[in-house]
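Close look at the chain arrangement
Here is how the chains run, residue by residue.
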Amino acid sequence: MSADPESSFQNSYNFSILFYESPQPMWIVDSVKLNFLEVNNAAITIYGYSKEEFLNMTIRDILVGGDHKDLNSMDLPGNATYNIQSFHKYKNGNRRHVEVTMFPFIFNGSRTRLSYIRDITAKEKRQSLLQYLNLAGEELALALNTDTALQKISQLIVPTFANWFTINILRGDDVDLLFVQNPDPEYVSWAIDFRQRNPITIEYKGVIGHILRTGESSLIPVVTAEMIEQSIEDPEHRKKILNLNLRSSIVVPMKIKSKIIGTINFISTVEGREYDEIDLNFAKDMATRIALALENARLYEEAQDALAQAEEADAETQATNEEITAINEELSATNDQLAAAYQRIQESEETFRAMAEDTNVLIAVSDESSNGVYFNRAWQELTGKSVAELQDFGWAELLHPEDKDSWIAKYLAAFEKQESFNGEFRILGKKGDYRWVLARVPARFRSDGTFAGYISSCIDITDMKNDEARKNDFIGMVSHELKTPLTSVMAMLQVTGKRLTAGQDPLLPGLIDKSLTQVRKMTSMITGFLNLSRLESGKMDIIKSRFNMKDLIHEVIAETEMMVSSHKIRLESCDEVEILADRNKIETVISNLLSNAVKYSSPGTEISLNCKAGADSVKISVRDEGEGIDEQDKSRLFERYYRAETNKAPYKSGFGIGLYLSAEIIQRHDGNIWVESEVGKGSTFYFSLPVMTKS
Ligand code: ADP
C-alpha cells in the first residue's frame, strides 16, 4: 500500500510531539475560512489567548496593521510553501513583527495550512534602529551648530523613538539643562524655569546624578505612578511629571571618548511602546552620536568664535594699522613742517648771516648766559680779531680802560633784568687806536617767550665824535673868547653905574641896570656853552670844597634877584648843612633851576625854594607856579638840546643845555636830579646830594 502522507502526518506521534511541544508558536488554520483549527502550547503561552479563544478566532483577529489582502489567497494551489511577514497582536496588546511559514496541510480531511511563526520583532527592530541610527549619524554630522544639531536630534527622535526627551550637559560640576523637547510648550518653559530655580550638580541624588557619576544607564520599561512618587521628592516637580503620563523611560549617558559629558532622557508616552534592551542599546548608541554631534557643534562654534575673534583681532589690527598709518602720516607731516620750519630757520639764519656779514654795522649775538657767540665781519674788521678771539668775553678785553668797567657793569646788569640797553664806548681798533661805537642792544626772546640773550648792533661813531669834539672845542673857544670882552663890559658897566651922579639924565641908572642884566644873561649863556664844551671834551673837572648849602642858596637868590624883579623868590625853609662839592658847579645848577622857574612861569607868581637835610643827603627843590611839563617830556628834559614842545615860543630863549649840564654835574657828585610837575599847576625840580660826614 502506498503511503498516505496526510494520514501518516496526522497520526504521527512524532508530528504531535513536534507540533505541540515546539517552542515556536504553530497553528493550523482553515485555508478558506482562516479560522484556527489547532494551536500549539507555545502559541497559547506567547500570544496569551486560551485554546478556546484561539479556536473561536480567525487569523484576521490577530493581524494588526500592514496590508493583508493576500490573506484572501491563502488557499494557495499545489504543495507550495509560503513565507509571509506580518504583525500580530498578543492578547495583552503587544504588537509583534512575525514571519509566518505556511505549509499546505490536510487536517481532519480538510485542506488547511500549517503555520510556523517566528517572532522577528527584535531582529527587525534592531535592523530598523540600526538604519535609523545610521541615518541619524549622517544627519547629525551635518549639524554645524548646537541649535541646528538639537533641531535635527529632535526631528530624529520624536516621534519615531520617543515622544519627548531631555538633554543635560555637564559643565564643570554643574548640570545644565541644555534641551527639553516636549509637545507641551508650557511644560518646556516650566522645566527650564524649574531647573533655574533648582540648579543641580554632579552630586544630584536623582538618576541624572547617578548616571553622570557612574556612566551606567537606566531603563524603566513601565513607569508607574508609585515609581514617580518615590523617586521625585519635590512636590511641584512630582506633580508635573505625574501629569505627563510617562509610560517608559530610558536615561543614558552621553560620552565622548569615554568621558561623560551629559545625559539624555528618552520618554515614551504611547501605550504599546515600552522600551526594552534593544531600545536601550539603541539609546546608548544614539546618545553617543548626539554627544558627538553636540561636541562637533561646540567645536565648530568654538572654531567660528576663534575665527570671529581672529577676524575681529584682524579688524582691530587693521584699525590699529590704520591708526599707525594716520599717526605716521601726521608724524611725517609734522616732520615735513619741522623740516620746512628748519629750512626757514636755516634760510632766515642764512639771510641773517648774509645781512650781518654784508653790513658795516657791528653785529654781535650773545646767549642767555651773557657769552658772546657771534661777531660779524665788521667786528672782525674793526678789531682785527677772529670770532674765536672775540667770543665769550674776548671783546671786553678790547674796551677802553675808562669805559670797560662801566660798560661791563651795564652789560651784566641788563642780563639780570633781561632788558634792552643802549650806550657808547670805545674799543681798541686793529690799528691800535680806540674807536667810539654807539651800541643798541635789544634783548632777544624765543617764540615761547624765554630770554635768549642779546643781539647788538653798533656803529662806529668815532668820526662823529671827532667832529663833535672839534665843534665843542670851537664852541669852547668862542665862548671863552666872548666871555673875556663880556666880563670887561660888565665891569665897566658896573663902574659906570657907580660913578653916575645926581642931576644927570635920570634914565641913565635904569639903562645901566638893564644893560647889566643883559650882560649877565649873556654871561650865563656863554658860561653854559663853555661848560658844555668842557663837559663834552671831558675837561669838566669837579673841584670839591666844603661849603654851607644855605649860604650858597642865599647867594644864588640874591644874584637872581639882581636880574629879575618880575617874580617873588622865597626861600621857604633851609636846613643848616655843609656839603663837600664843587661849589661853582652846584651854584650853576641852582641858578639854572631858578632862571628856568622864572622863564617858564608868569610874572607875579611865586618861586619857592627848600633845602632839607637828611641823614645821608640833602635835597634842594625849586618850585614855580608855571605852565608845568607834559608827561612825555619829563624824562627827556635832561637830555642835551632837548626843549619841551610847548616852551619853544621865541620869547623863551634857550638852547636846551641848562638841565643837561645840571644833570651831568649832579651825576658827577653821585646825586640825583628829577622833576615833579602837573600841567597848568607848576613844576618842582629837585636835586639831592650826598652829605659828606665831617672827617
Ligand atoms: P632851555 O634853555 O630851553 O631852558 P633847559 O635845559 O634849561 O633848556 O630846559 C630844557 C627844557 O625844559 C626847557 O626848554 C623847557 O621846555 C623845560 N623846562 C625847564 N624848566 C622848566 C620849568 N620850570 N617849567 C616848565 N618847563 C621847564
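See the structure printed just above.
Now for a look at the structure at hand.

Parameters and conventions
Residues numbered from 1 in each chain as written. Predicted model: local features only at pLDDT ≥ 70, side-chain atom pairs only at ≥ 80, totals over all residues. Heavy atoms only, no water. Core = buried A, V, L, I, M, F, W, Y, C linked by side-chain atoms within 4.5 Å. Buried < 20%, exposed > 50% of the residue type's maximum accessible area, 1.4 Å probe, protein only. Helix = DSSP H or I, 4+ residues; strand = E, 2+ residues; numbered from the N terminus. Contact = heavy atoms within 4.5 Å. Salt bridge = Lys/Arg side-chain N within 4 Å of Asp/Glu carboxyl O. Pairing = 2+ DSSP bridges.

Attention now goes to the nonpolar core. If you look at the biggest cluster of nonpolar residues, it comprises 47 residues, and the most contacted ones within it are Met549, Ile553, Ile586, Ile590, Leu609, Leu637 and Phe687. With 7 residues, helix 19 (residues 583-599) is the largest single contributor of residues to this core. Setting aside residues up to four positions removed in sequence, Met549 forms contacts with Val577, Ile579, Ile586, Ile590, Cys611, Ile620 and Phe687.

Moving on, we get to unusual backbone geometry. One non-glycine residue, Asp392, adopts positive backbone phi at about 55°. Mapped onto the secondary structure, Asp392 falls in the loop between helix 14 (387-390) and helix 15 (401-417). The exposure class assigned to Asp392 is partly exposed, which follows from its relative accessible area of 42%.

Take the pattern of salt bridges next. Note on pairing: side chains with opposite charge can pair once their charged atoms come close. This structure, assessed with the given rule, holds 28 salt bridges. A salt bridge links Glu572 to Arg570, with the nearest nitrogen and oxygen atoms 3.1 Å apart. Look at Glu572 and you get partly exposed, because its relative accessible area is 32%. A salt bridge links Lys585 to Asp582; the nearest nitrogen and oxygen atoms lie 3.3 Å apart. For the pair formed by Lys585 and Asp582, the shared burial category is buried. One network of salt bridges, with partners in common, ties together Lys568, Arg570, Glu572, Glu606 and Arg623.

A word on the pairing of strand 5 (residues 110-119). Moving residue by residue along a regular strand, the side chains alternate between the two faces of the sheet. In this structure, strand 1 (residues 26-30) lies alongside strand 5, joined through 5 bridges in antiparallel fashion. For Met26, the partnering residue across the bridge sits in strand 5 and is Tyr116. With 10 bridges connecting them, strand 4 (residues 95-107) and strand 5 associate as antiparallel partners. Looking at the pairing, Phe105 lines up with Thr112 of strand 5.

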